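Observations on the model geometry
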Amino acid sequence: MPKLNEHYQDLKESYLFTEIAHRVAAYTAANPDKKVIRLGIGDVTLPLGRLALEGLHEGVDAMGSAATFKGYGPEQGYDFLREAISAYYARNGVTVDASDIFISDGAKSDTGNISELFDTDNVILIPDPVYPVYVDSNVMGGKKITYLAGNAENGFLPLPDPAFHADIIYLCSPNNPTGAVYNKEQLKVWVDYALANEAVILFDSAYEAFITDPELPRSIYAIEGAKKCAIEFCSLSKTAGFTGTRCGYTIVPKELVFTASNGEQMSLHQMWNRRQCTKFNGTSYIIQRGAAAVFSEEGMRQCHENIRYYQENARIIADTLTKKGIRFYGGVNSPYIWFECPQQMESWEFFDYLLNHAQVVGTPGAGFGENGKHFFRLTSFGNHENTAEAMKRFDELF
């Protein structure tokens, strides 16, 4: 019989959103007359922008002619998209070489796959609460995780302990689930720490387009020295509504070079390139055409029209929580609102209470880690009518 990867036994019994779906399905089956409003999973609801659609159609049309047909594309992504992303960063004041950008089917895949570049004998530092993929992908690989406490005292923006050594550091800003955003000074502390410890920061910036404060960094490469210590992941899922279309990218600077145990120099850029060439056949040409249109100035303007719609939903949620005197985080430079469960309830208890008494679905903070046990996440990705109705029910309930 085969020897299985028994590290799968170390995973939590159920993936967070699978458990949520199970509980909601059971409730709706028992209460078919009740309208359930879902503000839990971070899935978008507005359609793609006009330019993105035109780009997709251009890609489809190209596949219908022998002269323009595309077969296997470059595993790293087509140059037209990599250059469009590089230009987008430049408009935001950050220099990123197009050749350092790798196109993929989303940040979730890449943040999970990146762990393949690192040995099991590393000190891996992950903030708690945290997006479950960071944790589960390392548990599957048999890697040991050290947790860094994010809590109300540090505004869910933990900083490093100079006395503690880490090799791999996961950061997400704007954060999922808490909505908190690191400022430049705080990120500089992390970059300096990583450089001092010869560590690598895995920086998830999937929600950067929701930042409205010009003083807040939208890329870790806005911080001096970051290209020597950081890999950045980003996604079009929330920026452009590509949750069902699937496109993201990872930036691996060529400056990320470390010494192997045999004394040889190893480049993370070259390693990731080899990994992708071995295990990935590239993102669809059609999707990349749509993505390139997104990164044009007009394409991004259309994306921000949708983002402003979601930001209005966040305001509706935040206003209700403020009215009720409930402490919360996020909702301004992030699509997520993270708040303290009322009446000192634990998060799964509050999930069931909110579902049964108000027919509103959110995400229990305990699913993101121990420090989320008494917190709850709502998303702004619904429509205005449902969001307003959900918060009306919430207001009446408390």
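The structure this text deals with has already been given above.
I will try to describe carefully the structure that is included in this document. In this text, all values refer to a predicted model and were calculated from it rather than measured experimentally.

What follows concerns the overall build of the protein. For the protein, the helix and strand inventory stands at 11 helices and 15 strands. Relative to a compact globule of 398 residues, whose C-alpha radius of gyration would be 21 Å, the protein shows 21 Å and is just as compact. Its C-alpha atoms put the protein at 60 × 55 × 55 Å along the principal axes. The buried share of the protein, reckoned over its 398 residues, is 54%. For the protein, long-range pairs separated by at least 24 residues make up 73% of all intrachain contacts whose partners lie at least 6 apart in sequence. Entry remark: accessible area of the protein is about 17,800 Å², with carbon and sulfur atoms responsible for 51%. For the protein, the distance from the average site of its 35 positive side-chain charges to the average site of its 49 negative ones is 4 Å.

Okay, the pattern of salt bridges next. Think of it this way: side chains of opposite charge can pair up when their charged atoms draw near. With the rule as written, the count across this model stands at 20 salt bridges. Its salt-bridge partner being E298, residue R301 comes within 2.6 Å of it at the nearest N-O pair. Of this pair, R301 and E298 both sit in helix α9 (residues 297-324), three residues apart, which is roughly one turn of the helix. Notably, a salt bridge pairs R315 with E312, separated by 2.5 Å at the nearest N-O pair. Of the two residues, R315 and E312 both sit in helix α9, three residues apart, roughly one turn of that helix. Residue classification places E312 among the partly exposed residues on the basis of a relative accessible area of 30%. Ionic contacts of the salt-bridge type, sharing partners, join the residues E19, R23 and D352 into one network.

In this section: the environment of N371. Along the chain, the position of N371 falls in the loop between β14 (363-364) and β15 (375-379). In this structure N371 comes out as partly exposed when scored by relative accessible area, which is 26%. Sequence separation between N371 and R315 is 56 residues, and the spatial gap between their C-alpha atoms is 25 Å. With residues up to four places along the chain from it excluded, the contact list for N371 reads D128, P129, A149, G150 and F156. A distance of 3.1 Å separates a polar atom in the side chain of N371 from the backbone oxygen of D128.

Parameters at a glance
Residues numbered from 1 in each chain as written. Predicted model: local features only at pLDDT ≥ 70, side-chain atom pairs only at ≥ 80, totals over all residues. Heavy atoms only, no water. Helix = DSSP H or I, 4+ residues; strand = E, 2+ residues; numbered from the N terminus. Rg over C-alpha atoms; globule rule 2.2 N^0.38 Å. Buried < 20%, exposed > 50% of the residue type's maximum accessible area, 1.4 Å probe, protein only. Contact = heavy atoms within 4.5 Å. Areas by Shrake-Rupley, 256 points an atom, 1.4 Å probe, with all protein chains shown as cover. Lys, Arg positive; Asp, Glu negative; His and termini not counted. Charge placed at Lys NZ, Arg CZ, Asp CG, Glu CD. Salt bridge = Lys/Arg side-chain N within 4 Å of Asp/Glu carboxyl O. Polar contact = N/O pair within 3.5 Å; in protein donor to acceptor, adjacent residues only side chain to side chain.

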